[in-house]
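The lines below spell out each chain.
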Amino acid sequence: MAVFQHPARCQPSVPLRFAPGYLKAVDNKLRDEITAWLEFYRDLGIEDFYRREPGSRSETADSKLESRQHPEPRIPSPDPSAKALRRQSSGASATFGRQAEPRVPTRRPERSVARALERRRPLGGRPSPESRAPSLSPPLSLSLFEAPPPPRREPETLEQVRADLGDCRRCRLAGGRQTIVFGQGNPHAELVFVGEGPGADEDEQGLPFVGRAGQLLNRMIQFVGMKREEVYICNIVKCRPPGNRTPGKDEVDACSPFLFRQIEAIRPRLVCCLGAPAMKTLLGIKEGITRVRGQFFDYGSTKAFVAYHPAYILRNPREEKILREDFETIREFLKSPR
Ligand code: URA
């Protein structure tokens, strides 16, 4: 069955609009619907429809070729549901021929769609032959308000992020590590802690914050009335930097996308940046941590908080009071209604 044979591609015979016998042969309702479709296509600048004379040479072979080159046109719909979109697009398959009844839409396409398509014409000009021909391309892109919303993406799971990380060799830290320290804790935690990078103990055990700094962090977690298993703990980089140095920019750039994805997978209420490198990576703040600690920031749809790194407190025990104050603030935040 020939579908929308473009004048440039076939020898025009009888333009459908002027085929007197054709429309008489169909009942009134069908005729109205075909007329509605013809008006709609005229609105789009598609004005000439042709059909082959019955029995014309190579009708079948040509038709097959044509329908492969020009599949049924898809009409974008303002209806947001994909189901409705499918329904309309199958309704839009206008097949004009002799042997079968034309398939026509059950309802007239929305005018706004026609107008949106109309706007695609070059200013003051008629549509080019290409724009008038049904095309193989996906539905024409409409404005933000007319296009259906993109399909919702299911959030990733931590397992998926971990699987994607694999046996990571994306940066030079891979060469010196024993283990990848991905993260540990509740995959649905309300509270996530982000440190800098694994140290020697973590590298050995494959778990974050299990050395001395980790023991202090455990105490602080208890201080806010939680258990370590209830929170999630991870780092900016997943491999130990040699000599426990601060990770380089290239290392952070390679690894931080996995941190962002971890946080997205967990969707916590609060992300606590432990130390300046975590603050800089997650919040882009370059100011000194002394001025920023104890404060909340927006981090997408969640909140972020900045606190001193426990290793810093171990080196400066007099600052532990400040760390406690900050953890008290965290406790109050988690007690507050969402
Ligand atoms: N320091 C960190 O930043 N992360 C760890 O996992 C351990 C120590």
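All of these numbers come straight from a predicted model, not from anything done at the bench.

Parameters and conventions
- Residues numbered from 1 in each chain as written.
- Predicted model: local features only at pLDDT ≥ 70, side-chain atom pairs only at ≥ 80, totals over all residues.
- Near = placed C-beta within 6 Å.
- Nonpolar A, V, L, I, M, F, W, Y, C, P; charged D, E, K, R; others polar.
- Helix = DSSP H or I, 4+ residues; strand = E, 2+ residues; numbered from the N terminus.
- Contact = placed C-beta atoms within 7 Å.
- Pairing = 2+ DSSP bridges.
- Core = buried A, V, L, I, M, F, W, Y, C linked by C-beta atoms within 7 Å.
- Buried ≥ 20, exposed ≤ 12 C-beta atoms within 10 Å, placed from the backbone.
- Axes fitted to C-alpha atoms, helices over the stretch in contact; angles between N-to-C directions.
- Parallel < 35°, antiparallel > 145°, perpendicular 65-115°, else oblique.
- Left-handed = near helix turned anticlockwise from the far one by under 90°.

K.L.:
Provide a residue-level description of the site of the ligand, including the pertinent values.
P.N.:
The ligand sits among 13 residues. The nearest are Gly195, Glu196, Glu202, Pro208 and Phe209. Considered class by class, the residues forming the shell around the ligand number 5 nonpolar, 6 polar and 2 charged.

K.L.:
Break down the environment of Pro208 for me, with residues and values.
P.N.:
Among the structural elements, Pro208 can be located in the loop between helix H8 (200-205) and helix H9 (212-223). The spacing of Pro208 and Val194 is 14 residues in sequence and 9.6 Å in space, taken between C-alpha atoms. Once you skip the residues sitting within four places of it in the chain, Pro208 turns out to touch Val181, Gly183, Gln184, Gly195, Pro198, Glu202, Ile233, Cys234 and Asn235.

K.L.:
Hey, could you go over the pairing of strand S7 (residues 296-299) for me, with residue numbers and the actual values?
P.N.:
As judged from the 4 bridges shared by S7 and strand S8 (residues 302-307), these two strands associate in the antiparallel manner. Paired with Phe296 across the two strands is Phe305, which belongs to S8. Between the antiparallel neighbours S7 and S8 lie 2 residues, among them Gly300 with a positive phi of about 60°.

K.L.:
Break down the nonpolar core for me, with residues and values.
P.N.:
In terms of nonpolar packing, the biggest core is built from 48 residues, with Val192, Phe193, Val194, Val231, Val271, Cys272 and Cys273 touching the most fellow members. With 6 residues, the single largest contributor to this core is helix H10 (residues 249-266). Non-local contacts of Val192, meaning those with residues more than four positions away in its chain, are made with Val231, Tyr232, Ile263, Ile266, Pro268, Val271 and Cys272.

K.L.:
Account for the environment of Asp167, with residues named and values stated.
P.N.:
Tracing the backbone shows Asp167 in the loop between helix H7 (158-165) and strand S3 (184-185). Measuring from C-alpha to C-alpha, the distance between Asp167 and Ile180 comes to 7.9 Å, with 13 residues separating the pair along the chain.

K.L.:
So what about the packing of H7 against H10? Which residues, and what values?
P.N.:
Across the interface, H7 lies against H10 with an axial gap of 9 Å and an inter-helix angle of 165°. Judged on the interaxial angle alone, H10 and H7 are roughly antiparallel. Considering the relative orientation of H7 and H10, their crossing is right-handed. Counting all contacts with H7, which are made through Leu158, Val161 and Leu165, the residues of H10 involved are Phe258, Arg261, Gln262, Ala265 and Ile266. Its residues assigned to classes, the contact of H7 with H10 shows 6 nonpolar, 1 polar and 1 charged.

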